[in-house]
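Now for the letters of each chain:
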Amino acid sequence: MKPAETYKRWIIQTQQVFYVEVWDSNGNHYIAVRNAKSEDEAVEMAKHWIDKHEIQADELNCIDGFGDLLDNEYEF
């Protein structure tokens, strides 16, 4: 990540984000994976997110699918 810069009293900082597309029985969805250093690492982080999501869904004993994941971000 590059150092932040200031523009008209706003602080701007870039951040690399990978959008990993996944499919389930409800169709395709996106997981925004921040701070991955490569595509392979982003895929591994998305797999970890899916595992965590399934565990939470099992604990709730109701699986309605992922919904729209575009606004969800996953970060280690």
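Data block above holds the structure.
Values in this document were obtained by computation on a predicted structure and should not be read as measured data.

**Concerning the overall build of the chain**
Each helix and strand counted, the chain has one helix and five strands in total. Each helix (α) and strand (β) of the chain, taken in turn from the N terminus, gives the series β-β-β-β-α-β. Within the chain, the fraction of its 76 residues that count as buried is 21%. At a minimum sequence separation of 6, the contacts of the chain that also span at least 24 residues come to 35%. Carbon and sulfur atoms make up 49% of the accessible area of the chain, which totals about 6200 Å².

**Re the environment of Val43**
You can see Val43 is positioned in helix α1 (residues 39-60). With a relative accessible area of 36%, Val43 lands in the partly exposed category. Sequence-wise, Val43 and Val33 are ten residues apart; in three dimensions their C-alpha atoms are separated by 8.6 Å.

**A short note on the nonpolar core**
Counting ten residues, the largest nonpolar core consists of Phe18, Val20, Val22, Ile31, Val33, Ala36, Ala42, Met45, Ala46 and Trp49. Of all the secondary structure elements, the ones that give two or more residues to this core are β3 (17-24), β4 (27-34) and α1. If we skip the residues at most four places from it in the chain, Val22 touches Gly27, Asn28, His29, Ile31 and Ile50.

**Things to note about the environment of Arg34**
Here Arg34 is to be found in strand β4. Along the primary structure Arg34 and Val17 are separated by 17 residues, whereas in three dimensions their C-alpha atoms are 4.7 Å apart. A polar side-chain atom of Arg34 sits 3.2 Å from a polar atom in the side chain of Gln15.

Definitions and limits used
Each chain carries its own residue numbering, running from 1 in the written order of its sequence. Only residues with pLDDT of 70 or above have their local features reported here, since the model is predicted, and side-chain atom pairs are shown and tallied only from 80 upward, although totals for entire chains, interfaces and linings are computed over all residues. In computing side-chain values, all of the structure's heavy atoms are included and hydrogens and water are not. To qualify as a helix, a DSSP run of H or I must reach at least 4 residues; to qualify as a strand, a run of E must reach at least 2; elements of each kind are numbered from the N terminus. Burial classification: accessible surface area is computed with a 1.4 Å probe over protein chains only, and a residue below 20% of its type maximum counts as buried, one above 50% as exposed, and the rest as partly exposed. Whether two residues touch is decided by their heavy atoms; if any such pair falls within 4.5 Å, the residues are in contact. Per-residue and other accessible areas follow the Shrake-Rupley method at a 1.4 Å probe size, with only the shown protein chains counted as cover for residues. We call a set of buried Ala, Val, Leu, Ile, Met, Phe, Trp, Tyr and Cys residues a nonpolar core when their side-chain atoms join them within 4.5 Å. Identification of polar contacts relies on pairs of N or O atoms within 3.5 Å, with a donor-acceptor requirement for protein atoms, meaning one able to donate a hydrogen and the other able to accept it, and with residues adjacent in sequence counted only if both atoms are side-chain atoms.

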